[in-house]
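Observations on the three-dimensional arrangement
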Amino acid sequence: SRSVEGARRATDRMVTGLVTAAFAVAVIPLASLAFTVVSNGLARFDLEFFTFSMRSVVGDGGGALHAIVGTLELTGIATAISVPIGLMTAIYLVEYGRGRLARAVTFFVDVMTGIPSIVAGLFAFTLFLVLFGPANAINGMAGAVSLSVLMTPVVVRATEEMLKIVPNELREASYALGVPKWLTIVKVVIPTALAGIATGVIIAIARVIGETAPLLLAAGFTASMNYNPLSDKMMTLPVFVYTSFANQGVDAQAYIDRSWTGALTLMLIVMVLNLVARVISKVFSPKG
């Protein structure tokens, strides 16, 4: 190529080939993972799996309804805790924050972004142990708090970046019309960045919905249905997958099949969340 097309075309071909090869290397493990989960998970992808719990089930049969309900409840509670805190923190950092306090908040958000998930579980377990005693230290709410600790810094970072890219001309035009700063933020800044903020929130949910270690500590595991996050232990899909695979009973294949189907269900939930993020980004993105 260098002798026929010249140095520039040859360099372009080489870089294109390297980028394509890197893309293939990244996609092959992802495709292999998806194929493995789908092929193994279809064995128990039936109505019973989504309508039964594991209460009094030994061997074949049973389902993960209790884990699906627990995952949705705990993730919803964690979202309700994290989104307002993360949104207001990001607004403070971008619109109001100056000096040492803002730098300290930014530093601690960066630290929280990188903490191991098991630390969040230990924090939630210890918090509920101190406040409510050993009898109520492990429940669904503690699991939701541990997930919110992991989710909040992601929401802060995503919202902060979206608020920063809002053009200052929009703020200045609002100020020139005599609109107060708080109303400018509510009516101009946030609506302009809403699509990116919503996408960041969905990504944060997808990041924590598969956490296992903090939920093992804070929410525990159970084979029965529990709709009340404030009372007793709650099962979640990641913990269901882990316990099904790690604690196999007499019919080992039945536990393995349930584990793979639980993993497939969790993957489908994350996929749906990502599709929702794309739809939200398309619908709420500024036109023109």
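Reading the values: rules and limits
Residues numbered from 1 in each chain as written. Predicted model: local features only at pLDDT ≥ 70, side-chain atom pairs only at ≥ 80, totals over all residues. Heavy atoms only, no water. Helix = DSSP H or I, 4+ residues; strand = E, 2+ residues; numbered from the N terminus. Buried < 20%, exposed > 50% of the residue type's maximum accessible area, 1.4 Å probe, protein only. Contact = heavy atoms within 4.5 Å. Areas by Shrake-Rupley, 256 points an atom, 1.4 Å probe, with all protein chains shown as cover. Axes fitted to C-alpha atoms, helices over the stretch in contact; angles between N-to-C directions. Left-handed = near helix turned anticlockwise from the far one by under 90°. Nonpolar A, V, L, I, M, F, W, Y, C, P; charged D, E, K, R; others polar. Expected span 1.5 Å × (residues − 1).

Tallying secondary structure elements over the protein gives 12 helices and 0 strands in all. Ordered by position in the sequence, the α and β elements of the protein form the string α-α-α-α-α-α-α-α-α-α-α-α. Oriented by its inertia axes, the alpha-carbon framework of the protein measures out at about 70 × 65 × 35 Å. For the protein, the proportion of its 288 residues judged to be buried stands at 39%. Long-range contacts, defined here as pairs at least 24 residues apart, represent 72% of the contacts in the protein between residues at least 6 apart. With the model as given, the accessible surface of the protein reaches about 15,700 Å², and the carbon-plus-sulfur share is 70%.

This part takes up the packing of helix α8 (residues 168–176) against helix α9 (residues 181–208). Viewed as axis vectors pointing N to C, α8 and α9 meet at an angle of 145°, and their least axial separation amounts to 10 Å. Both α8 and α9 take part in a crossing whose hand is right-handed. Facing α8, whose interface residues are L170, R171, S174 and Y175, α9 presents K181, T184, V188, V189 and T192. Its residues assigned to classes, the contact of α8 with α9 comprises 4 nonpolar, 3 polar and 2 charged.

The first and last C-alpha atoms of helix α2 (residues 7–41) sit 51 Å apart over 35 residues, in line with the 51 Å expected at 1.5 Å per residue. Residues of α2 that are buried: A10, V37 and G41. Elements in contact with the buried residues of α2: α1 (2–5) and α12 (252–284).

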